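Residues per chain, in single letters:
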Amino acid sequence: MGETRRRFDPEFRAGAVRIVRETGKSIAQVSRDLGINAGTLANWVQMDRLAREQDAGSGQELAESEREELARLRRQKAEWAKERAELEMERDVLKRSVVLWVKEATGR
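What this report covers is the structure whose coordinates are included nearby. Because the structure is a prediction, the values reported are computed rather than measured.

### Here we look at the nonpolar core
- Ala-16, Val-17, Val-20, Val-30, Ile-36, Leu-41, Trp-44 and Val-45 form the largest nonpolar core, which has eight residues in total.
- Residue contacts for Val-30: discarding those within four places in its chain leaves Ala-16, Ile-19, Val-20, Lys-25 and Leu-41.

### Brief notes about the environment of Glu-61
- Among the secondary structure elements, Glu-61 is positioned in the loop between α3 (38-57) and α4 (64-106).
- Spatially, the C-alpha atoms of Glu-61 and Ala-78 are 24 Å apart, while their sequence positions differ by 17 residues.

### Let's talk about the environment of Ile-19
- Mapped onto the fold, Ile-19 is located in helix α1 (residues 10-23).
- Between the C-alpha atom of Ile-19 and that of Arg-75, which follows or precedes it by 56 residues, the distance is 36 Å.
- Sequence-distant contacts of Ile-19, defined by excluding residues within four places in its chain, comprise Gly-24 and Val-30.

### A closer look at the pattern of salt bridges
- By the definition in use, this model includes eight salt bridges.
- A salt bridge links Arg-67 to Glu-64; the nearest nitrogen and oxygen atoms lie 2.8 Å apart. Of this pair, Arg-67 and Glu-64 both sit in helix α4, three residues apart, which is roughly one turn of that helix.
- Of the residues examined, Arg-67 reaches a relative accessible area of 42% and is grouped as partly exposed.

Definitions and limits used
Residues numbered from 1 in each chain as written. Predicted model: local features only at pLDDT ≥ 70, side-chain atom pairs only at ≥ 80, totals over all residues. Heavy atoms only, no water. Core = buried A, V, L, I, M, F, W, Y, C linked by side-chain atoms within 4.5 Å. Buried < 20%, exposed > 50% of the residue type's maximum accessible area, 1.4 Å probe, protein only. Contact = heavy atoms within 4.5 Å. Helix = DSSP H or I, 4+ residues; strand = E, 2+ residues; numbered from the N terminus. Salt bridge = Lys/Arg side-chain N within 4 Å of Asp/Glu carboxyl O.

Put into structure tokens, the structure is as follows:
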């Protein structure tokens with residue numbers, strides 16, 4: 001005799017996918033927790049991922065001013081990253097020099 005298939009309402013599916021997406025738990029773990037087949041949940045997650053990509057891809061292209069602003073912000077971010085690296089290097093040098101100074105002062 002054939003096996004009856006369980007039906008899951010859209011709210012349950014969306015909730016299960018949201019658990020996977022937001023908690024970072026594996027599909028296998030969430031499927032065990034919810035008592036559903038891992039392959040079924042994997043299909044739901046894949047369908048959600050594809051739907052999100054299509055929604056993101058259907059957006060309008062950036063306007064020229066937005067592209068310029070994005071480029072400016074990326075340049076600024078790169079400059080700040082470079083400045084941060086230099087400051088971290090200076091901080092490390094100062095830390096080492098303080099350690100040497102303390103050792104010298106205490107006669108170790």
